[in-house]
Amino acid sequence: MSSHLLSVDSLSREHVNHLMRVASRMEPIAQRRQVTRVLEGAVLGNLFFEASTRTRVSFHAAFCRLGGSVCDTTGFTFSSMAKGESLYDTSRVMSGYCDAIVMRHPDQGSVAEFAAATNVPVINGGDGPGEHPSQALLDFYTIDKEFTRLGKTLAGAHLLLTGDLKYGRTVHSLIKLLSLYDPMRITLVSPPGLEMPGYLIDLVESRGHRVEQRDSLNSDFSDLDVVYTTRIQKERFTEDMIESFAGVSQDFTVDRAFLDRHCTDTTIVMHPLPRDSRPGANDLSVDLNGDPRLAIFRQTDNGIPVRMAIFATLLQVDDLIEKDLREVRWFVPTRIGIDDRQL
Ligand code: NCD
């Protein structure tokens, strides 16, 4: 694995398997049963120039759970980029302060440009419509964990990816990552104009997977193992796209009626979140809340062990995590959310 995590392109199947194993070993710490100080003294720079809740906070929390500390800056307004500072200068400056850097930025390729100016590990927390590799790793970890619980295998599985497949960077990274594994069936459903980029479909097909594209959820689907829904990325639309998209109906809402019609008891529903819960948003419906097939909060919880694994591997302490584990001393509820079930 290279010294940065900028794109799934730099990961082999062996790298992913290693990260998955390290993430499992992080579970007792992520679930707040044990404490480690393996990154004691290390400092993370968390630079977010686009909106974020879970990616920003879970990277922060993951670094803290390894015993490190975090410095952060949010938005352009309060950073020197507002004064015209280049990515090169910002990168060199931050590298003098921090041992690892996570960056999210609205321009595709910007995080790679930032990383090119430093030898400190840089993680791409999302570069515009480009990639979001840590999200793909936590999505893959979730699929693997859920499949193990359900007695399923990835080989031959049927995954439905739906929503904004053009601008949704999480699905770009996820489909690349899935393509490293044994052949599966991937159905892509998006509103016209928001299809998965052709080069990604070509890549996945060239690796032996079966890909099918549709423009509506109102058709027949069978044997779905995973329904992965995404938000329409309106913030990336041009003016005329906003107007033409206003006419799209509720066709892309995944709700209880969709699950009743097309899914089984062992289908899992995922979403990178945030889901747009406003009326008419064409997103994952809240009417699935409490349904055990809805894996979205198990998925967000998995962000912690996976991001801990990324830090531990990049900072080369992945062999040391079990060394000085201690028991947690504070109160931790057995079920974190009120709807959480014992599965
Ligand atoms: C996504 C993102 O920012 O790419 N969220 C996330 O990081 N979990 C998805 C989105 O914003 O729709």
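Report follows, based on the coordinates. Keep in mind that this is a model prediction, so the values were computed, not measured.

## Observations regarding the environment of Met81
Right, so step 1: Within the secondary structure, Met81 is located in the loop between strand E3 (69-74) and helix H3 (87-95).
Right, so step 2: Overall, the relative accessible area of 14% leaves Met81 in the buried class.
Right, so step 3: The spatial distance from the C-alpha of Met81 to the C-alpha of Tyr228 is 35 Å, given a sequence separation of 147 residues.
Right, so step 4: Dropping the residues within four chain positions of it, Met81 is found in contact with Phe49, Phe76, Leu87, Thr90 and His105.

## Overview of the site of the ligand
Right, so step 1: Contacts to the ligand come from Arg54, Thr55, Arg104, His132, Gln135, Arg169, Thr170, Arg231, Gln233, Pro272, Leu273 and Pro274.
Right, so step 2: Between the ligand and the protein, one listed contact pairs a nitrogen atom with a backbone N or O atom of Leu273 at 2.9 Å.
Right, so step 3: Sorting the residues of the shell around the ligand by element identifies helix H2 (54-65) and helix H6 (169-178) as the ones contributing at least two each.
Right, so step 4: Tallied by class, residues from the shell around the ligand come to 3 nonpolar, 5 polar and 4 charged.
Right, so step 5: Residue-level mapping places the shell around the ligand at the junction of two domains, with at least three residues from each of domain 1 (8-130 + 302-327) and domain 2 (133-298).

## With respect to the sheet that holds strand E7 (residues 185-189)
Right, so step 1: An order of E8-E7-E6-E9-E10 is seen for the 5 strands of this open sheet, with the pairing classed as parallel. Bordering the open sheet on either side are strand E8 (210-214) and strand E10 (268-270), each of which pairs with just one other strand. Geometrically, the sheet is characterised by an average inter-axis angle of 15° between neighbouring strands, direction not taken into account.
Right, so step 2: Two strands pair when backbone bridges link them, and E7 and E8 are joined in this way by 5 bridges, in the parallel orientation.

## Points about the pattern of salt bridges
Right, so step 1: For the structure shown, the criterion picks out 16 salt bridges.
Right, so step 2: A salt bridge links Glu212 to Arg214; its shortest N-O distance comes to 2.9 Å.
Right, so step 3: One salt bridge connects Arg261 with Asp220, and the closest N-O pair in it is separated by 3.6 Å. Placement of the pair is Arg261 in helix H9 (residues 256-262) and Asp220 in the loop between E8 and strand E9 (226-229), with a sequence separation of 41 residues.
Right, so step 4: The class of Arg261 is exposed, set by a relative accessible area of 51%.

## Looking at the environment of Ala312
Right, so step 1: The topology assignment puts Ala312 in helix H10 (residues 296-314).
Right, so step 2: Taking the relative accessible area as the measure of exposure, Ala312 reaches 0% and is therefore buried.
Right, so step 3: Considered as a pair, Ala312 and Leu66 are 246 residues apart in the sequence and their alpha carbons are 8.2 Å apart.
Right, so step 4: Beyond its immediate chain neighbours, meaning those up to four positions away, Ala312 contacts Met26, Leu66, Val317 and Asp318.

Criteria and thresholds
Residues numbered from 1 in each chain as written. Predicted model: local features only at pLDDT ≥ 70, side-chain atom pairs only at ≥ 80, totals over all residues. Heavy atoms only, no water. Helix = DSSP H or I, 4+ residues; strand = E, 2+ residues; numbered from the N terminus. Buried < 20%, exposed > 50% of the residue type's maximum accessible area, 1.4 Å probe, protein only. Contact = heavy atoms within 4.5 Å. Near = heavy atom within 4 Å. Polar contact = N/O pair within 3.5 Å; in protein donor to acceptor, adjacent residues only side chain to side chain. Nonpolar A, V, L, I, M, F, W, Y, C, P; charged D, E, K, R; others polar. Domains from an automatic or database assignment. Pairing = 2+ DSSP bridges. Axes fitted to C-alpha atoms, helices over the stretch in contact; angles between N-to-C directions. Salt bridge = Lys/Arg side-chain N within 4 Å of Asp/Glu carboxyl O.

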